[in-house]
Amino acid sequence: MIHGIDVSAYQSSFSTSGVDFVIIKATEGRSYVNPIQGKQAKKARSAECVVGFYHFLWPGDIAAQARYFIDKCDSAKGDLLAVDWERNSSGTYASNAQKDQFIREVKKLRPGHRVLLYCNRDFWLNHDTTSYAGDGLWIADPVTAGKPRIKAAWRFHQYATNPLDKNVGKFDGKSALRSWAKGS
């Protein structure tokens, strides 16, 4: 297992000590861009971490959201891309079909990138009906690191949220993750 964190604009300062990967919130819907994602990515890259970016998905105009994410995120070749599928601040969420469409659209727009599905255990067990997670499932379940309470195969596990979102990846090391992220 390797260790990582995910951050948003709320975490303008974070440590990369002991961290193999950093996944950064880039966009949300069709109107929000993390204003410090470039600075966060630069810090992670300087520490030789594998970098990823995610989009918080809202229901509606999925193709436009995928384009918005790709146009606004500071990704580079070999970075991970992900969709965050959960309830939004209005209490609604994208449908299964919309979640699947977003992943497919991003894969079309950025064919050289791995595209992941992030969701919590409740969404995976009680809302998901397709089990489509693109190139891998990133599951949130606040339990022992690497032991999410699901039967499905997963790539990343977010196991803690305080003071930062802490994750593990099911890889033999950072170089294995970097190689996988590049598609090799």
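Use the structure listed above.
Thresholds applied
Residues numbered from 1 in each chain as written. Predicted model: local features only at pLDDT ≥ 70, side-chain atom pairs only at ≥ 80, totals over all residues. Heavy atoms only, no water. Helix = DSSP H or I, 4+ residues; strand = E, 2+ residues; numbered from the N terminus. Rg over C-alpha atoms; globule rule 2.2 N^0.38 Å. Buried < 20%, exposed > 50% of the residue type's maximum accessible area, 1.4 Å probe, protein only. Areas by Shrake-Rupley, 256 points an atom, 1.4 Å probe, with all protein chains shown as cover. Salt bridge = Lys/Arg side-chain N within 4 Å of Asp/Glu carboxyl O. Phe/Tyr/Trp six-rings, centres within 6.5 Å; stacked < 30°, edge-to-face > 60°.

Before going further, it helps to examine the overall build of the protein. Across its full length, the protein carries five helices and nine strands. Moving toward the C terminus, one meets the helices and strands of the protein in the order β-β-β-α-β-α-β-α-β-α-β-β-β-α. Here the protein has a C-alpha radius of gyration of 15 Å; the compact-globule value for 184 residues is 16 Å, and the two agree. Dimensions of the protein, computed from the C-alpha atoms along their principal axes, are close to 40 × 35 × 35 Å. In the protein, buried positions account for 52% of the 184 residues. Accessible area of the protein: about 8500 Å², with a carbon and sulfur share of 47%.

Okay, the pattern of salt bridges next. Counted by the stated rule, this structure contains eight salt bridges. Between Asp100 and Lys99 there is a salt bridge, with the nearest N and O atoms lying 2.7 Å from each other. For Asp100, a relative accessible area of 7% corresponds to the buried category. The closest approach of N and O atoms between Lys107 and Asp135, which form a salt bridge, is 2.8 Å. On the criterion of sequence distance, the pair formed by Lys107 in helix H3 (residues 96-109) and Asp135 in the loop between helix H4 (121-126) and strand S7 (136-140) is long-range, its members being 28 residues apart.

It is worth spelling out unusual backbone geometry at this point. Here Asn162 and Pro163 are connected by a cis peptide whose omega angle stands at 0°. Checked against the element boundaries, Pro163 lands in the loop between strand S8 (156-160) and strand S9 (165-169). Unusually for a residue other than glycine, Ser131 sits at a positive phi of about 60°. Structurally, Ser131 is set in the loop between H4 and S7. The class for Ser131 is exposed, based on a relative accessible area of 51%.

Under the criterion given, the structure shown has eight aromatic pairs. Aromatic side chains Phe21 and Phe156 sit 5.1 Å apart centroid to centroid with 65° between the ring planes, which places their arrangement in the edge-to-face category. Highlighted residues: Phe21 in strand S2 (residues 21-28) and Phe156 in strand S8, separated in sequence by 135 residues. Phe156 carries the same exposure label as Phe21, and that label is buried. An angle of 90° between the planes, with centres 5.1 Å apart, marks the rings of Trp85 and Phe123 as edge-to-face. Of this pair, Trp85 sits in the loop between strand S5 (80-84) and H3 while Phe123 sits in helix H4, and the two are 38 residues apart along the sequence. Each of the two residues, Trp85 as well as Phe123, counts as buried. The structure contains a cluster of three or more aromatic residues connected by ring pairs, namely Phe21, Phe156, Phe171 and Trp180.

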